[in-house]
Amino acid sequence: QVQLVESGGGLVQPGGSLRLSCAASGFTINSYYMSWVRQAPGKGSEWVSAINTGGSSTIYADSVKGRFTISRDNAKNTLYLQMNSLKFEDTALYYCATLRKVSGWGLPSPQFEYDLWGQGTQVTVSS
């Protein structure tokens, strides 16, 4: 079965850290650019970060730049998102996704076409 499964979400205090994982099964991720996307309650989805196939190039939304780090382990078929210095506004359901098409890599507003999505993992930042 082809799927992505996120894990690692939870409740954390402001300033805390979490590490999200996204495990792929039924296919190998090494030929796909991949991304993390989040959706806060009552808001639209927001692109968070993306990574190229080999992991040598990463990009981030301004809202998370300097606090979040995306990485991948193709041997383990897994994508990660290390989140530090978490803020209230980081509260959201976090999804990982493979990218079918990428344009504007490295520009302020890259454009992505998403392919396969996971089911999401909830991150709640609260005191």
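So, here's what we can say about the structure.

Conventions used here
Residues numbered from 1 in each chain as written. Predicted model: local features only at pLDDT ≥ 70, side-chain atom pairs only at ≥ 80, totals over all residues. Heavy atoms only, no water. Helix = DSSP H or I, 4+ residues; strand = E, 2+ residues; numbered from the N terminus. Buried < 20%, exposed > 50% of the residue type's maximum accessible area, 1.4 Å probe, protein only. Polar contact = N/O pair within 3.5 Å; in protein donor to acceptor, adjacent residues only side chain to side chain. Contact = heavy atoms within 4.5 Å. Pairing = 2+ DSSP bridges. Axes fitted to C-alpha atoms, helices over the stretch in contact; angles between N-to-C directions. Salt bridge = Lys/Arg side-chain N within 4 Å of Asp/Glu carboxyl O.

### As for the side chain of Asn77
Logical step 1: Assignment of secondary structure puts Asn77 in the loop between β7 (68-73) and β8 (78-83).
Logical step 2: In this structure Asn77 comes out as buried when scored by relative accessible area, which is 13%.
Logical step 3: A distance of 2.8 Å separates a polar side-chain atom of Asn77 from the backbone oxygen of Phe27.
Logical step 4: A polar atom in the side chain of Asn77 sits 2.8 Å from the backbone nitrogen of Ile29.
Logical step 5: Residues in contact with Asn77, not counting those within four places in the same chain, are Cys22, Ala23, Ala24, Ser25, Phe27, Thr28 and Ile29.

### A look at the sheet that holds β7
Logical step 1: Strand order in the open sheet formed by four strands is β1-β3-β8-β7, and the pairing between neighbours is antiparallel. Pairing within the sheet leaves two strands with one partner each, and these edge strands are β1 (3-7) and β7. Shown here is a sheet whose adjacent strand axes are inclined to one another by a mean of 15 degrees, direction ignored.
Logical step 2: Here strand β3 (residues 18-25) pairs with β8 via six bridges, running antiparallel. Bridge pairing links Ala23 to Thr78 in β8.

### So, the pattern of salt bridges
Logical step 1: Evaluation of the coordinates by the stated rule reveals five salt bridges.
Logical step 2: With its nearest N and O atoms 2.9 Å apart, the salt bridge here joins Arg38 to Asp90. Separated by 52 residues along the polypeptide, Arg38 in strand β4 (residues 33-39) and Asp90 in the loop between β8 and β9 (92-103) bring together distant segments of the chain. Comparing Arg38 with Asp90 shows no difference in burial state: the two are buried.
Logical step 3: Its salt-bridge partner being Arg67, residue Asp90 comes within 2.7 Å of it at the nearest N-O pair. Of the two residues, Asp90 sits in the loop between β8 and β9 while Arg67 sits in the loop between β6 (58-60) and β7, which places them 23 residues apart along the sequence.

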